[in-house]
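Report on the structure
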Amino acid sequence: MQLDISHHVLVYIIKIKFQTQITDSTQYTTKLERERKMGTSYQESSSLLLQNLKMTIKEASLIFPSEETLARERKSMFLSNVDQILNFDVQTVHFFRPNKDFPPEIVSEMLRQALVRAMDVYEFLAGRLRLNPSSGRLDVDCNGAGAGFVTAASEYTLEELGDLVYPNPAFAKLVTSHLQTLPKDDQPLFAFQVTSFKCGGFAMGISTNHTTFDGLSFKSFLDNLASILTENPLSTPPCNDRTLLKARTPPRVTFPHHELVQIQDSETTTVFEATSEHLDFNIFKLSSQQILRLKEKASESISSGRVRATGFNVVTALIWRCKALSLVEEEEEEDLEKESTILYAVDIRGRLNPQLPSSYTGNAVLTAYAKARREELLEEPFGRIVEMVGEGSNRITDEYARSAIDWGEMYKGFPHGEVLVSSWWKLGFAEVEYPWGKPKYCCPVVYHRKDIVLLFPDIDGDSKGVYVLAALPSKEMTKFQNWFEDTLS
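Model, not experiment: these values are computed from the prediction. (Residues numbered from 1 in each chain as written. Predicted model: local features only at pLDDT ≥ 70, side-chain atom pairs only at ≥ 80, totals over all residues. Heavy atoms only, no water.)

1. Details of the sheet that holds strand β7 (residues 138-142)
Read from one edge of the open sheet, three strands run β4-β7-β6, paired in antiparallel fashion. Edge positions in the open sheet fall to β4 (75-78) and β6 (128-131), since each of these has one partner strand only. Averaged over neighbouring strand pairs, the angle between their axes works out to 40 degrees when direction is ignored. Here four bridges tie β6 to β7, and the two strands are oriented antiparallel to one another. Across the sheet, Arg130 pairs through a bridge with Asp139, a residue of β7. (Pairing = 2+ DSSP bridges. Helix = DSSP H or I, 4+ residues; strand = E, 2+ residues; numbered from the N terminus. Axes fitted to C-alpha atoms, helices over the stretch in contact; angles between N-to-C directions.)

2. Structural notes on the packing of helix α6 (residues 288-299) against helix α12 (residues 474-488)
Put simply, α6 and α12 touch, their axes get as near as 10 Å, and they point 70 degrees apart. Taken together, the axis directions place α6 and α12 in an arrangement best described as roughly perpendicular. Contacts between α6 and α12 involve Gln290, Leu294 and Lys297 from the first element and Asp486, Thr487 and Leu488 from the second. Class assignment of the residues belonging to the contact of α6 with α12 gives a composition of two nonpolar, two polar and two charged. (Parallel < 35°, antiparallel > 145°, perpendicular 65-115°, else oblique. Contact = heavy atoms within 4.5 Å. Nonpolar A, V, L, I, M, F, W, Y, C, P; charged D, E, K, R; others polar.)

3. Observations regarding the pattern of salt bridges
As enumerated under the stated definition, the model contains 28 salt bridges in all. Put simply, Asp335 and Lys338 hold a salt bridge, and the shortest N to O gap is 3.5 Å. Asp335 sits in the buried class, given a relative accessible area of 10%. We classify Lys338 as partly exposed; its relative accessible area is 43%. The partner of Arg384 in a salt bridge is Glu391, with the nearest N and O atoms 3.3 Å apart. Look at Glu391 and you get partly exposed, because its relative accessible area is 30%. Taken together, the salt bridges that share partners define one network made up of Glu337, Arg373, Glu375 and Glu376. (Salt bridge = Lys/Arg side-chain N within 4 Å of Asp/Glu carboxyl O. Buried < 20%, exposed > 50% of the residue type's maximum accessible area, 1.4 Å probe, protein only.)

4. Looking at helix α5 (residues 215-229)
Taking 1.5 Å per residue, 15 residues should reach 21 Å; α5 reaches 21 Å between its end C-alpha atoms and fits that length. In terms of residue burial, α5 counts as a mostly covered element, since 13 of its 15 residues are buried. Backbone geometry just downstream of α5 places Glu231 in the positive-phi region, at approximately 60 degrees. (Expected span 1.5 Å × (residues − 1).)

5. Comments concerning the environment of Val365
Structurally, Val365 is set in strand β14 (residues 365-373). Taking the C-alpha atoms as reference points, Val365 and Val82, separated by 283 residues in sequence, lie 7.7 Å from one another.

Have a look at this one:
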């Protein structure tokens, strides 16, 4: 069964609930560290997840741009067709070790002041989403209504939180998306929460509506925020002109877009719908050496000079093979005949003619795809699977991208496929240098789903290693892990 999957990293919003509690966080941390060092993957019961962070909200308020910005003529910001379908919140948490020169109370005030200054150049962050009655499209009313700012405290130390890589639904408490004092139709597009821990460490929890940023532009925002905090010029002055990705007039769909499907009726299944099915959760760690061996293995059978065995291509090919074959029942030849489609995001800033500015703040990602029969994924050399992934990325040229944007002008729909790979691997959030240092770890608040596999950076210092996070029914997870190990061997 193929499911409709919205653009880019929709993975963050799918909800899953754990119902058990932790009694010994030290045991939890030690166990995961031991499993990390012993093998390629580790799986942890939800009974070892710290569920109650013992949080206290100290203050929740709105912050506003400067009076000079508020005095400007009120305007609306156009949203592209890529932005239009991303009307949901993305939540990220950035953990910081204690720094005696920057206690959480000082950090909170510094961030409050810096964000006020940031909204002078990111004016839309203080605005509100509105449906334009004349066009029927969403746009941002830059009305200066404000962004959320929350301070909170936890009774735990940072170490007592346990393993930061393993997605814990309780981390959602470290982020504020909605201010209870505001009505539903007046919620901010951007909210910032600073949570202090008993040890002196803290977390920055950031909620942004996905219409505001994609992963790369959010990284630029964090770099600019760090520049403001250190009284330096902005590292990347933002380009807020979303009309650069406006559809052509008239729209021209010049390619078949197998990665896109129209919403025909209310029965269309989308990635926004959580499953009640029990899922096992597993984290597969790939070291830089294992990725290098995968590249070497792929290079033996890649025939096209246009495709390289990059780290992303080989990891995505590995996931595709494992996910497709995990759905094959023994002695069911019909399963092998079924087609499998994998989706993954591609940045189009440098692919357009003329190129988009690297500082473009909007969503400049489109969904690439590769498809093959499961039998091919079983029998073809690994390099051929890598080649198909690379060809999917190479397919997105200027004309293809414009055609996809125009498709969104003509139809209502989403990307669809059997599995989506959402990569946080090389976005570089943990490389941002704040006055109090770089984060210990950065991650989205993850709500997992069996149709989406996430790539996270290694927390253990292997800059080229990656964590692969998958959630599948037990039987499929067993087969996924077996194929994972088989491909690595």
